[in-house]
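Topology and contacts: notes
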Amino acid sequence: MFITLEGGDGSGKTTVIEDMAALLEEQGIPYIKTREPGGIEIAEKIRAVILNPQHTAMDPRTEALLYAAARRQHLAERVEPALSEGIFVLCDRFIDSSLAYQGYARGLGIEEVLSINLFATNGRMPDITFYMDIEPEQGLARISSNQGREVNRLDLEELAFHHRVREGYQRVISMYPERIQVIDAFGSKQEIAELIKNQLLRAIEEFRHSLSK
């Protein structure tokens with residue numbers, strides 16, 4: 001099962017993916033945790049280029065293509081091999097991020113960016129996606145209070161950009177309502193953990209049922 005986490009900056013995806021990993025551990029389900037852009041050596045090097053705060057001159061199309069390139073290598077080298085062995089994959093960001101950030105917020109067009117990424121992924125999409133929804137002001141406040149978090153190029157964007165990202169995610173959710181589940185990310189860690197646990201267990205059960213048909 002291919003499970004992805006999505007959300008704006010500061011939405012708490014890192015904490016949630018740890019909760020998911022703990023649940024799979026309890027269930028005795030083999031899994032790996034990974035992230036985008038990154039997850040493997042080549043993609044991590046592309047990540048460094050994309051998120052470098054000094055690269056403010058990067059053209060939006062260059063950005064979109066770099067994300068797609070990193071995604072392809074990560075998928076081919078890590079995600080697909082794990083799935084083929086029956087291992088669950090927990091991935092921090094995937095194709096929906098490109099649709100919201102580059103397609104909508106950067107103004108490149110969701111359909112155009114989707115086309116680039118479907119070529120890169122050969123049509124591979126997640127089985128289920130959890131979208132952590134939070135007001136951009138709240139997410140950015142969390143980032144500023146977290147001294148240990150890396151500050152990347154996207155963190156330097158104006159607030160209006162992060163609002164467009166959230167609007168972009170709403171568009172993407174309307175495109176894939178059966179795959180994407182929305183989580184209110186402003187609740188307490190305990191509330192979010194319980195929501196994730198219930199929805200993930202339900203998704204696993206439905207996934208197993210679909211395989212048995």
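Residues numbered from 1 in each chain as written. Predicted model: local features only at pLDDT ≥ 70, side-chain atom pairs only at ≥ 80, totals over all residues. Heavy atoms only, no water.

**Examining the nonpolar core**
For clarity, the threshold we go by: To qualify as a nonpolar core, a set must consist of buried Ala, Val, Leu, Ile, Met, Phe, Trp, Tyr and Cys residues joined through side-chain atoms within 4.5 Å. Buried, partly exposed and exposed residues are distinguished by accessible area as a fraction of the type maximum, computed with a 1.4 Å probe on protein chains only: under 20%, between the cut-offs, and over 50%, respectively. Numbered from the N terminus, helices here are DSSP runs of H or I no shorter than four residues, and strands are runs of E no shorter than two. Whether two residues touch is decided by their heavy atoms; if any such pair falls within 4.5 Å, the residues are in contact.
By size, the foremost hydrophobic cluster in this structure holds 36 residues, and its most contacted members are F2, V89 and Y101. If you list the elements that add at least two residues to this core, you get α2 (41-51), α3 (60-84), β3 (88-92), α4 (95-105), α5 (110-121) and α7 (159-175). Top element by residues in this core is α3. It accounts for seven residues. What Y101 contacts, discounting residues up to four positions off in sequence, is G7, G8, D9, R93, R106, L154, F161, V165 and Y169. Among the nonpolar cores identified, the runner-up in size contains 23 residues, and I3, I128, M132 and I183 belong to it.

**Focus on the side chain of S11**
Residue placement: S11 occurs in the loop between β1 (2-7) and α1 (13-27). Assessed through its relative accessible area of 2%, S11 is described here as buried. Each residue touching S11, except ones within four places of it in the same chain, is listed here: M132, I134, R142 and A185.

**Structural notes on the UniProt feature "binding site: ATP" (unreviewed entry) in the protein chain**
Put simply, the rule is: UniProt positions are given in the numbering used here, feature names are shortened, and annotations may be inferred rather than shown by experiment. Residues adjacent in sequence count toward polar contacts only when both atoms are side-chain atoms; beyond that, a polar contact is any pair of N or O atoms within 3.5 Å, and within protein one must be able to donate a hydrogen and the other to accept it.
When the UniProt feature table is mapped onto this chain numbering, "binding site: ATP" (unreviewed entry) sits at G7, G8, D9, G10, S11, G12, K13 and T14. Along the chain, D9 turns up in the loop between β1 and α1. A distance of 2.9 Å separates a polar atom in the side chain of D9 from a polar atom in the side chain of Y101. Residue class for G10 comes out buried when judged on its relative accessible area of 17%. When neighbours within four sequence positions are excluded, G10 is seen to be in contact with I134, G139, R142 and I143.

**Some remarks on the packing of α2 against α3**
To keep it simple, the criterion reads: Where helices are involved, their axes are fitted lines through C-alpha atoms of the stretch in contact, as for all axes, and angles between N-to-C directions lie from 0 to 180°. The cut-offs work like this: below 35 degrees is roughly parallel, past 145 is roughly antiparallel, 65 to 115 is roughly perpendicular, and the gaps in between are oblique. Put simply, a crossing is left-handed when the front helix is turned counterclockwise from the back one by less than a right angle, and right-handed when it is turned clockwise. Each residue gets one of three labels, nonpolar for Ala, Val, Leu, Ile, Met, Phe, Trp, Tyr, Cys and Pro, charged for Asp, Glu, Lys and Arg, and polar for the others, Gly among them.
Where α2 contacts α3, the axes come no closer than 9 Å and their chain directions differ by 165°. As summarised for this structure, α2 and α3 are arranged roughly antiparallel, according to the angle between their axes. As α2 packs across α3, the resulting crossing turns out to be left-handed. On α3, the residues that touch I42, A43, I46, V49, I50 and L51 of α2 are L66, Y67, A69, A70, Q73 and H74. When its residues are assigned to classes, the contact of α2 with α3 shows 10 nonpolar, two polar and no charged.

**Observations regarding helix α6 (residues 136-145)**
The condition that has to hold: This arc is taken over the directions from the axis of the helix to the C-beta atoms.
P136, G139 and I143 are the residues of α6 that are buried. Projected down its long axis, α6 shows its buried positions confined to an angular sector of 70°, all on one face. Pointing more than 90 degrees away from the buried face of α6 are the exposed residues S144 and S145. Contacts made by the buried residues of α6 are with α7.

**What to know about the pairing of strand β2 (residues 31-35)**
To keep it simple, the criterion reads: DSSP-based pairing: two strands are paired if at least 2 bridges between them are found.
Here β2 shows one buried face, formed by I32 and T34, and one open face, formed by Y31, K33 and R35. Examined bridge by bridge, β2 and β3 share five bridges and lie parallel to one another. Paired with T34 across the two strands is C91, which belongs to β3.

**Some words on the environment of F94**
Mapped onto the elements of the fold, F94 is located in the loop between β3 and α4. Separated by 56 residues in the primary sequence, F94 and G38 place their C-alpha atoms 11 Å from one another. In this structure F94 touches F2, T4, E6, E36, R71, L75, T121, R124, M125 and P126, once residues within four positions along its chain are discounted.

**Quick word on the sheet that holds strand β5 (residues 180-184)**
One open sheet holds the five strands; their spatial order is β2-β3-β1-β4-β5, and the pairing between them is parallel. With partners counted over all chains shown, the strands left at the sheet margins are β2 and β5, one partner each. Direction aside, the axes of adjacent strands within the sheet are offset by 20° on average. In the sheet, β1 pairs with β3 via four bridges, with the strands oriented parallel. The residue bridging L5 from the neighbouring strand is D92, located in β3. Running over the sheet, helix α8 (residues 189-212) touches β1, β3, β4 (128-133) and β5 and is turned about 165° from β5.

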